[in-house]
Amino acid sequence: MTSSDLVAAWRAYLTDNKRRSPHTVRAYVAAAQRLVAARGLTDWAAVARTEAHHLRTFLAARRAEGIGNASTARELSALKAFIAFARRESGDPDPAPPRLRGPRLKKGLPRPVTPDEAVNLTDLVDSLAGEDWIGARDRAVLLLLYGSGLRIAEALSLTARDAMLDEVLQVTGKGGKQRMVPVLPITRAAVAEYVRLCPWPLTTKEPLFRGAKGGPLSPGMVQRAMAQARRALGLPDTATPHALRHSFATHLLSAGADLRSLQELLGHASLGSTQIYTRVDAASLLENYRKAHPRG
């Protein structure tokens, strides 16, 4: 096997098995190419032996080339996923990636995650999972939070009957109140992939999302997967599953959605609960103004 074979297999896994976006595939493959070239790796066992100190040396060299904290964090997350894949390929009973924290990113005002961060988070929870079906499950759940604005309890209350998603989904929120929410094509595809890989029978009235032993998936497991991904990406502790719902609301408001429509989509009982997003959006606007204006 050659280093080119390793990279080709990694690309095929991301494209065919994980069905990652072309942008994610390019970034993850490029990071793997740089690592195998720098360390002269030619088989999965060698990649699997990559430890935290190897990554630290490699990333120090990348920093010397001029990449910043955010790029370093993204490179580290890609390499962790690559090493975890290599450890599974080499038969490692503990395929977890090396424990190494990314660089600290400057914390500004409290804010929702950006669209790019949301996509990176959903991709990374999949890549870091120990089993393909669990990664597909976690990705599908997070995409429902970000793409449809669901509360985590609402996503986990879906039944197998809801798996055949259309462009809209009826969900039951607080107080038994029902509402219709949009479902993006990427979310529908993610749920379909999870259903395809899930080893447990998904009968109509049973929970759609299952835990490792077949029971209902708990919120804690989703939160744990999200925490692992945000640490790998160097995101703050505020990047929680619920923050993805906040991001859904803030991004819609920034794109011109009116408060009444947003209230309906979020399932808020009062408009006052929705108005907080106008303050979040104003805070983001002020932060960007201060960064851009010469006298900011």
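Figured I'd write up the structure that's included with this text. (Residues numbered from 1 in each chain as written. Predicted model: local features only at pLDDT ≥ 70, side-chain atom pairs only at ≥ 80, totals over all residues. Heavy atoms only, no water.)

## Remarks on the pattern of salt bridges
Line of reasoning, step 1. One pass over the full model with this rule turns up 11 salt bridges.
Line of reasoning, step 2. Between arginine 62 and glutamate 65 there is a salt bridge; the shortest N-O distance is 2.7 Å.
Line of reasoning, step 3. Residue glutamate 65 is classed as exposed on the basis of its relative accessible area of 58%.
Line of reasoning, step 4. Three or more residues joined by partner-sharing salt bridges are found here, namely Arg34, Arg62, Glu65 and Glu75. (Salt bridge = Lys/Arg side-chain N within 4 Å of Asp/Glu carboxyl O. Buried < 20%, exposed > 50% of the residue type's maximum accessible area, 1.4 Å probe, protein only.)

## Considering the nonpolar core
Line of reasoning, step 1. Trp10, Val47, Phe82, Tyr194, Phe209 and Leu244 are the most contacted members of the largest nonpolar core, which totals 73 residues.
Line of reasoning, step 2. A total of 10 residues in this core trace back to one element, the largest contributor, which is helix α7 (residues 132–148). (Core = buried A, V, L, I, M, F, W, Y, C linked by side-chain atoms within 4.5 Å. Helix = DSSP H or I, 4+ residues; strand = E, 2+ residues; numbered from the N terminus.)

## Focus: the packing of helix α6 (residues 115–128) against α7
Helix-helix packing is characterised by the crossing angle of the two axes and by the distance between the axes.
Line of reasoning, step 1. Put simply, α6 and α7 touch, their axes get as near as 7 Å, and they point 155 degrees apart. In terms of orientation, α6 and α7 fall into the roughly antiparallel class. In the crossing of α6 with α7, the sense of the turn from one axis to the other is right-handed. Contacts between α6 and α7 involve Pro115, Ala118, Leu121, Thr122, Asp123, Val125 and Asp126 on the former and, on the latter, Asp132, Gly135, Ala136, Asp138, Arg139, Leu142, Leu143 and Tyr146.
Line of reasoning, step 2. Residue composition of the contact of α6 with α7, by class: eight nonpolar, two polar and five charged. (Axes fitted to C-alpha atoms, helices over the stretch in contact; angles between N-to-C directions. Parallel < 35°, antiparallel > 145°, perpendicular 65-115°, else oblique. Left-handed = near helix turned anticlockwise from the far one by under 90°. Contact = heavy atoms within 4.5 Å. Nonpolar A, V, L, I, M, F, W, Y, C, P; charged D, E, K, R; others polar.)

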